[in-house]
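# Fold and contact review
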Amino acid sequence: SHDSLTNLPNRAYFEARMTRTLRSLNKTRDKAAVLFLDSDRFKDINDSYGHAAGDAVLVAVATRIRAQLREDDVVARLGGDEFAILLTPLHKVEDAQRIAEKIIASMLEPIQLPGQVCVVTSLSIGIAVYPEHGATPDSLLSAADTAMYQAKRQDRGGQHLAQDQSLAPPVPLRS
C-alpha cells in the first residue's frame, strides 16, 4: 500500500480508498474529485540525466503535490511518473481546478538534481468529478485519465476537466 521512493500511498491503496469514499457519499448531494497527473517530459529527464535524477524529480514532484493539498486529501503514486489525487469533500468543481492550478504553479520552481544540475518539469492534470464524470472508482479514474491526455494534447503543463457522461458523444459500435 506504500510507494517507497516517494513515501506516498500506491495504486492499490488509492483504489481501495476511492472505493470506500465513493460508497460513503450521498449520490444526490456529495461530490468528490479525482485528479490524474502525469509528468511532462519525464522520459527526457531520465534519458538525459539518468535514473537517479528521475528519482529525484519524482520525490520533488510528490512533495510539491502534497504541499498543495488539504490534510484529508489523498495523493498516490500510481506508477512511473503518474500520480492521482482524491479530493473529498468537494464543494464545487472550481475548487478542484484551483488546486490543480496551485500544483501546476508549484512545478515552475527548478528541481535540484544530483551533481548541481537543475531541471524544470511540468504536470498535465485531468479532473473528473463524482458523480458527473463517473459513478464508480474505475469510471472516475478513467475519465480523469482521459482528461489528462486531453490536457497534454492542448497544452502540456495544463489541466482539463472531463466531459459529463451525459454529454459524451455515443461510442460507435465496431463491426
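See above for the structure.
Just so it is clear, the structure is predicted and the values come from calculations on it, not from any experiment. (Residues numbered from 1 in each chain as written. Predicted model: local features only at pLDDT ≥ 70, side-chain atom pairs only at ≥ 80, totals over all residues. Heavy atoms only, no water.)

## Side note on the pattern of salt bridges
This is how it is decided: By definition here, a salt bridge exists when the distance from a side-chain nitrogen of Lys or Arg to a carboxyl oxygen of Asp or Glu is within 4 Å. Where helices and strands are cited, they refer to DSSP runs of H or I of at least four residues and of E of at least two residues respectively, numbered from the N terminus.
Considering all chains together, one arrives at 8 salt bridges under this definition. With a closest N to O distance of 2.6 Å, Asp47 and Lys43 form a salt bridge. Residue Asp47 and its partner Lys43 are both found in helix 2 (residues 42–49); the two are separated by 4 residues, about one turn of the helix. Arg70 is paired through a salt bridge with Asp73; the nearest N and O atoms lie 2.9 Å apart.

## Looking at the nonpolar core
Generally speaking, soluble globular proteins have nonpolar side chains that are buried together. Here is the rule we go by: In this description, a nonpolar core means a group of buried Ala, Val, Leu, Ile, Met, Phe, Trp, Tyr and Cys residues linked to one another through side-chain atoms lying within 4.5 Å. Working definition: with a 1.4 Å probe on protein chains only, accessible area under 20% of the residue-type maximum means buried, over 50% means exposed, and in between means partly exposed. Residue contacts are counted whenever heavy atoms from the two residues lie within 4.5 Å of one another.
Judged by nonpolar contacts, the single largest core of 33 residues is most densely connected at Leu35, Leu37, Ile65, Ile85, Ile103 and Ile125. Mapped by element, the contributors of at least two residues to this core are strand 3 (32–40), helix 2, helix 3 (51–67), strand 5 (82–87), helix 4 (93–106), strand 6 (111–113) and strand 8 (122–130). The element contributing the most residues to this core is helix 3, with 7 residues. Apart from residues lying up to four places away in sequence, Leu37 is in contact with Ile65, Asp81, Glu82, Phe83, Ala84, Ile85, Ile103, Leu123, Ser124 and Ile125. Formed by 21 residues, the second largest nonpolar core is a distinct cluster that contains Leu25, Ala76, Ala128 and Leu141.

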